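# A closer look at the structure
Each chain, written out:
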Amino acid sequence: MNIEIRQDYPALCEYVGQQVIQALKNKPDALVCIAGGDTPLGVFKVLVEASQQGLDLSRAAFVGLDEWLGLGREDKGSCREMVYSHLFDKLPLRPDQICFFDGLTANPQAECQHVDAFIAEHGRIDILVLGIGMNGHIGFNEPGADLNNRCHIVPLDPITKAVSVKYFGGARDVTHGISQGLKTLLEARQIIVMANGEKKAEIVATTLNSEPTTAIPSTLVKNHAHCTLALDAAAASLVKG
């Protein structure tokens, strides 16, 4: 695993954004997956600015990482609301270039099959940008997740449910998520795992100091051939050496 440390959050986002931009230049029809949530918001800004400056996205495709079951585009803090508001709605993309989980679906299993099929149609994810949950989850793959899962329904860990309040501005009755599985994520050609802020320093250190295990899903990327852990100085504060 390659480790890249930048002084602050804007510099971190610039680094990660440039990696995505380079991947799109190298492969204009790349399949891109970027997590929702707070962590990649600055990356979205870098990509929007690159598009405004001429980055060609006409052949690219984008797939969602996960979603809270029961929440939709109109729900503040849903993954769809965050990614569309800060990225997709600001890019010149056709509807057929985007595949995103519908958290309001009446048939979650069919939704999983739909996203699996979209990824399979494009071969695999070319560049994947993940965050790290406080319990080490990636996507909604909580501790103990099955390595053989593709898109699936996930009972949410208590830590994840507790942290969710920061997205929603208050408590919401979210008990399950829908997510790409570890098998799909680990098949991505290039993975970047982002973490910023002192609150992530402990899980970053745990990830680096632990053997790969599904008990800490973030450790599983360590064996990937092309994975970078991208940190700001605060998130890297407990990293030795």
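### Observations regarding the pattern of salt bridges
- Applying the stated rule across the entire model yields seven salt bridges.
- In this structure, the salt-bridge partner of Arg73 is Asp89, at a minimum N-O distance of 2.5 Å. Of this pair, Arg73 sits in the loop between strand 4 (66–68) and helix 3 (79–86) while Asp89 sits in the loop between helix 3 and strand 5 (98–99), and the two are 16 residues apart along the sequence.
- Residue classification places Arg73 among the partly exposed residues on the basis of a relative accessible area of 30%.
- Residue classification places Asp89 among the partly exposed positions, given a relative accessible area of 45%.

### A word on the environment of Ile191
- When you line up the elements, Ile191 lands in strand 9 (residues 190–195).
- The exposure class assigned to Ile191 is buried, which follows from its relative accessible area of 1%.
- Sequence separation between Ile191 and His226 is 35 residues, and the spatial gap between their C-alpha atoms is 6.4 Å.
- Ignoring anything within four residues of it in the chain, the contact list for Ile191 reads Leu128, Leu130, Leu185, Leu186, Val221, His224, His226, Cys227 and Thr228.

### Observations regarding the sheet that holds strand 7 (residues 152–155)
- With antiparallel pairing, three strands are arranged side by side in an open sheet as 4-8-7. Looking along the sheet, the strands with just one partner apiece sit at the ends: strand 4 and strand 7. For this sheet, the mean inter-axis angle between neighbouring strands, taken without regard to orientation, is 25°.

### Examining the nonpolar core
- Of all hydrophobic cores here, the largest spans 41 residues; its most connected members are Val16, Leu24, Val32, Leu87, Phe88 and Met194.
- Take this core: its biggest share by element is eight residues, from helix 1 (residues 9–26).
- Residues within four places of Met194 in sequence aside, it is in contact with Leu12, Cys13, Val16, Thr39, Pro40, Val43, Val129, Leu130, Gly131, Ile132 and Ala230.
- Core analysis: the second largest hydrophobic core is formed by 37 residues, Ala61, Val63, Ile119 and Leu231 among them.

Definitions and cut-offs
Residues numbered from 1 in each chain as written. Predicted model: local features only at pLDDT ≥ 70, side-chain atom pairs only at ≥ 80, totals over all residues. Heavy atoms only, no water. Salt bridge = Lys/Arg side-chain N within 4 Å of Asp/Glu carboxyl O. Helix = DSSP H or I, 4+ residues; strand = E, 2+ residues; numbered from the N terminus. Buried < 20%, exposed > 50% of the residue type's maximum accessible area, 1.4 Å probe, protein only. Contact = heavy atoms within 4.5 Å. Pairing = 2+ DSSP bridges. Axes fitted to C-alpha atoms, helices over the stretch in contact; angles between N-to-C directions. Core = buried A, V, L, I, M, F, W, Y, C linked by side-chain atoms within 4.5 Å.

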